[in-house]
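# A structural walkthrough
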Amino acid sequence: MSLLLTLNAGSSSIKFALFEQRPHGLERLAVGQVEGLGERAHFCAVTTAGERHEQWLDGSVADHGHALQGVLDWLRLSFPNREVAAVSHRVVHGGAEHVEPIVLDDQNRAQLETLVPLAPLHQPHNLAGIDAARAAFPQAQQVACFDTSFHRSHPFVSDTFALPRQYYEQGIRRYGFHGLSYEFISRQLKSRHPGLLAGRVIVAHLGNGASMCAMRGGRSVASTMGFTALDGLPMGTRCGQIDPGVLLYLVSECGMNAQSLTDLLYRNSGLKGMSGLSNDMRVLLASDLPSAREAVDYFVEQCRRELGGLAASLGGLDALVLTGGIGEHSAEVRSRLLRSMGWLGIDFDESANQAGAEEISLPRSSVRVLVLATDEERMLAEHAAELTARS
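Calculation rules
Positions within a chain are numbered from 1, following the residues in the order the chain's sequence is written. With pLDDT at 70 or above as the cut-off, local features in this predicted model cover only qualifying residues; side-chain atom pairs require 80 or more to be listed or tallied, and sums for whole chains, interfaces and linings still use all residues. The side-chain values count all of the structure's non-hydrogen atoms but skip hydrogen atoms and water molecules. Nonpolar side chains (Val, Leu, Ile, Met, Phe, Trp, Tyr) are joined into patches within 5 Å and like charges within 9 Å, using only residues with over 30% relative accessible area and no salt bridge. Per-residue accessibility takes into account occlusion by the displayed protein chains alone, with areas from the Shrake-Rupley method and a 1.4 Å probe. For salt bridges, the criterion is a side-chain nitrogen of Lys or Arg within 4 Å of an Asp or Glu carboxyl oxygen. Only runs of H or I of at least four residues qualify as helices and only runs of E of at least two qualify as strands under DSSP, and these elements are numbered from the N terminus. Three exposure classes are used, based on accessible area relative to the maximum for each residue type with a 1.4 Å probe and protein chains only: buried under 20%, partly exposed in between, and exposed over 50%. Space inside and on the surface of the protein is sampled on a 1 Å grid over the protein atoms alone, with a cavity defined as a set of points where a 1.4 Å probe fits but cannot get out and a pocket as an open set with protein on both sides within 12 Å along at least 5 of 7 lines; lining residues have an atom within 4 Å of a point. Grid points are joined across faces, edges and corners, and a volume is the space filled by probe spheres set on the points. The classification used treats Ala, Val, Leu, Ile, Met, Phe, Trp, Tyr, Cys and Pro as nonpolar, Asp, Glu, Lys and Arg as charged, and all other residues, Gly among them, as polar. Pairing of aromatic rings covers Phe, Tyr and Trp, the last counted by its six-membered ring, and requires centre-to-centre distances within 6.5 Å; plane angles under 30 degrees mean stacked, over 60 mean edge-to-face, and any other angle means tilted. A ring is considered to have a charge above it if a Lys NZ or an Arg CZ atom is located within 6 Å of its centre and within 35 degrees of its normal. It is the directions from the helix axis to the C-beta atoms that the arc portrays. Take the number of residues in a helix, subtract one, and multiply by 1.5 Å to get its expected span. Among the buried residues, those of types Ala, Val, Leu, Ile, Met, Phe, Trp, Tyr and Cys that are joined through side-chain atoms within 4.5 Å form a nonpolar core. In this analysis, two residues are considered to be in contact whenever any of their non-hydrogen atoms come within 4.5 Å of each other. The rule for pairing is simple: two strands pair if DSSP sees at least two bridges between them.

### Some thoughts on a nonpolar patch on the surface
Together, Leu277, Val283 and Leu289 line one region of the surface with nonpolar side chains, adding up to about 220 Å² of accessible area. Structurally, Val283 can be placed in helix H11 (residues 281-286). Of the residues examined, Val283 reaches a relative accessible area of 35% and is grouped as partly exposed.

Here it is, written out as structure tokens:
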């Protein structure tokens, strides 16, 4: 049976999974990640057979290149004499051209390099993963799956900024992100809640990276994220929505340049910057610091505002799906978000919410509220399997 490897190389972590193509579908064989890159990195991998491997990486080699090589070496040792038929990569930005996954070659790999300025926190690491995998598995089909592709169905009004049209034609558009997560949830709704898929659905992907997507008929019609992965909701270290005048002020009056702005907006803002404590929602919820409480309050308030705005774009709401690390696991954040949302038709069950039920809306609620686990790795593997079957 052929093996499919998925790689999700982020700014401070690398997630991976190994799948086997079987007649009945894809079966996951192993999953793992390297966390804390740039500091004291920790490698952890677990097979479905229960075998576990953990290792702390020395700080001097805890970069993406060494971490990726460690992942590939572990896979060779753990699954010897098995052929990797395809490697599927999460690539954050696909620009306006890429509306679906592609098989990588030298030409389109080089083209993806031109999109680095649009996702400086992620794209270089995504490309590093591609290069490492191409070198390690030269016979395997390399597949790129884009976080922006799912949102290419946006109508013009959800895709543009109020700038002269020439900039839109140059590619300055609202691309939207977390598309692999939204696509997986869309497929889950199709198989498990088909009646909802045809309606008006908002999916909230809430985690260290956070955004919301409005869907109609399972297709994206609006997103909170825009040209880059900075826009919309506040995130772990990213600012989310901000008045462009603030940026002009920081440049003209505070002497900041492009690099210092990048560091501020991508790495030192969001929950981390507001709280002065952490980008981890669990840490903030457990803290007694006023700044931690205020950061959580701001996050929830912005989620509520965006939820209302996307519902307006849809002309109403039939279902809300909460996913991502915070959306799936934080009952407190879910509760704060859903309180006083009866005006939108949401009437939720606090006991079901605290119990971690899949559906946390009351039977009388006109809007169904679901908590569904996302699985970007399986989405990556499914795309690779589909492309491999065609070739």
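Next comes the rest of the account.
### Observations concerning the layout of surface pockets
When its volume is computed, the second largest pocket comes out at roughly 620 Å³. Taken together, 19 residues form the lining of the second largest pocket, with Phe227, Thr228, Leu230, Ile242 and Leu247 sitting closest to its centre. Within the residue set of the lining of the second largest pocket, elements represented by two or more residues are helix H8 (244-252) and helix H9 (258-267). With five residues, the single largest contributor to the lining of the second largest pocket is H9. Classifying every residue of the lining of the second largest pocket by side-chain character gives 13 nonpolar, five polar and one charged.

### Considering the packing of aromatic side chains
Following the criterion strictly, the structure yields six aromatic pairs and no others. Aromatic side chains Trp74 and Phe79 sit 6.3 Å apart centroid to centroid with 80° between the ring planes, which places their arrangement in the edge-to-face category. By the burial criterion, Trp74 is buried, and Phe79 matches it. Cluster of aromatic residues (ring-pair linked, three or more members): Phe16, Phe43, Trp74 and Phe79. Against the face of Phe137 rests Arg76, its NZ or CZ located 5.8 Å from the ring centre. Over the face of the ring belonging to Tyr168 we find Arg173, whose NZ or CZ atom lies 4.0 Å from the ring centre.

### Topic: helix H2 (residues 106-113)
Of the residues making up H2, those classed as buried are Asn108, Arg109 and Leu112. Relative to the axis of H2, the buried residues are bounded by an arc of 105° and lie together on one face. The exposed set on the far side of H2, more than 90 degrees from its buried face, consists of Asp106 and Gln107.

### Concerning helix H6 (residues 179-192)
With 14 residues, H6 should cover 20 Å at 1.5 Å per step; its first-to-last C-alpha distance of 20 Å lies within 8% of that length. Burial within H6 is extensive, with 10 of its 14 residues counted as buried. Among the residues making up H6, those that are buried are Gly179, Leu180, Ser181, Tyr182, Glu183, Phe184, Ile185, Ser186, Gln188 and Leu189.

### Let's talk about the nonpolar core
Judged by nonpolar contacts, the single largest core of 45 residues is most densely connected at Ile202, Leu206, Phe299, Leu307, Leu322, Leu338 and Ile346. For this core, the secondary-structure elements that each account for two or more residues are strand E9 (200-206), strand E10 (210-216), strand E11 (219-223), H11, helix H12 (290-314), strand E12 (319-323), helix H14 (331-338) and strand E13 (368-371). For this core, the leading source of residues is H12, giving 10 residues. Excluding residues within four positions of it along the chain, Leu322 makes contact with Ala204, Leu206, Gly327, Arg334, Leu337, Leu338, Ile360, Val369, Leu370, Val371 and Leu372. Counting 29 residues, the second-largest nonpolar core is a separate cluster that includes Leu26, Phe184, Met215 and Ala381.

### A look at the pairing of E9
The buried fraction of E9 is high, at six of seven residues. Two elements, E9 and E10, share seven bridges in a ladder whose sense is antiparallel. The residue bridging His205 from the neighbouring strand is Ser211, located in E10. Taken together, E9 and the strand that follows it, E10, pair antiparallel across an intervening segment of three residues. Sheet analysis places E9 next to E12, joined by five bridges and oriented parallel. Counted as the bridge partner of Val201 is Ala319 from E12.

### Notes on the pattern of salt bridges
The tally for this structure, following the rule as stated, stands at 25 salt bridges. For Asp318, the salt bridge is made with Arg200, and the minimal N-O distance between the two is 3.1 Å. Here the residue Asp318 occupies a position in the loop between H12 and E12, and Arg200 occupies one in strand E9, the gap between them amounting to 118 residues. The class of Arg200 is partly exposed, set by a relative accessible area of 26%. Taken together, the shared-partner salt bridges in this structure form one network comprising Glu20, Arg22, Glu27 and Arg82.

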